[in-house]
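# A structural walkthrough
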Amino acid sequence: MKSMLSGGVAALALLLAGCGDEGSGNGQAAGGNAAPLQQIAAPNGDWTQTVEETPQGGYRMGNPNAPVKLVEYGSISCSHCAEFSETATEPLKNNYVKSGQVSWEFRPYLLFPTDPGITMLLRCQGPTPFFHLADQLYADQANWAGKLQNLSAADQQQIQSMPAEERAAALVRLTGVDQFFRQRGMPESKVNSCLADKAGLQRLAEITDQGNREGVTGTPTFFINGKVVTLTSAQYWRELEPQLRSAIGS
């Protein structure tokens, strides 16, 4: 997304305020008492343990041939995406993905200046730990994003003047997210090589541009079987779950 990659830290204020002004995404799942889904047997016994990169650049958890395919375009820095992670991850995995009836694909959408570097490190760990690490980053988002609040105007100007890949690396280190990955076994050399990966950065921009062409204007945005899901509030899981049930036919 050219404007984000070249816009430096101009969007930092938006990052600190969240990615929109909707109300809280908290709430009980609408289908919590619904009948259990018919199970499709997984080769390894658990579809949530099947995570693969897709040709579209996302990471997909679950049955690749699931009759219902959920795609989420998300920003790792978006507060509403963090709310969705908190409220939806467990019921989505345990009640839907594990059944084999639903697959869940996350595609990165670069919305904030902190997104490129953090997302590159996340993807450098490969498909298997992707969703678990993303949930941990979302859970700690207020902490690492809050570290940017003390940036002076001079610091912001200095970061703004950096090339895109240097800016991505600088913001990762300012947030302390590089330490997050080192604590989970990523060597410093790999942190540095991932952050210096110009091709990886360009790939993220291409995935974001694809989202734009598909009609994504903010995060999170969801598609079920290729059709964008209309949501009327930030009660994301409460509104999304009935649509998943409808698509399954239950």
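Just above, that's the structure.
Notes on the structure in this doc start here.

Criteria and cut-off values
Residues numbered from 1 in each chain as written. Predicted model: local features only at pLDDT ≥ 70, side-chain atom pairs only at ≥ 80, totals over all residues. Heavy atoms only, no water. Buried < 20%, exposed > 50% of the residue type's maximum accessible area, 1.4 Å probe, protein only. Helix = DSSP H or I, 4+ residues; strand = E, 2+ residues; numbered from the N terminus. Pairing = 2+ DSSP bridges. Right-handed = clockwise from strand over helix to strand, strands pointing away. Polar contact = N/O pair within 3.5 Å; in protein donor to acceptor, adjacent residues only side chain to side chain.

### Concerning the pairing of strand S5 (residues 221–224)
Judged by which residues are buried, S5 turns out to be covered on both faces: Thr221 and Phe223 on one side and Phe222 and Ile224 on the other are all buried. Two elements, strand S3 (residues 68–74) and S5, share four bridges in a ladder whose sense is antiparallel. Bridge pairing links Tyr73 to Thr221 in S5. Taken together, the two bridges between S5 and strand S6 (residues 227–228) define a ladder with antiparallel strand orientation. Following the sheet pairing, Phe223 is matched in S6 by Val228. Turn length for the S5-S6 hairpin, with the two strands adjacent in sequence and antiparallel, is two residues, and the turn residue Asn225 shows positive phi of about 50°.

### Observations concerning the pairing of S3
Burial of S3 is extensive: six of the seven residues sit out of reach of the surface. Crossover S3 to strand S4 (residues 102–108) through helix H3 (residues 79–97) is right-handed.

### Brief notes about the sheet that holds strand S2 (residues 59–61)
Strand order in the open sheet formed by six strands is S1-S2-S4-S3-S5-S6, with mixed pairing between adjacent strands. Two strands bound the open sheet, and with one partner strand each, they are strand S1 (51–53) and S6.

### Digging into the side chain of Glu105
In this fold, Glu105 is placed in strand S4. Of note is the side chain of Glu105, whose polar atom sits 2.7 Å from the side chain of Thr54.

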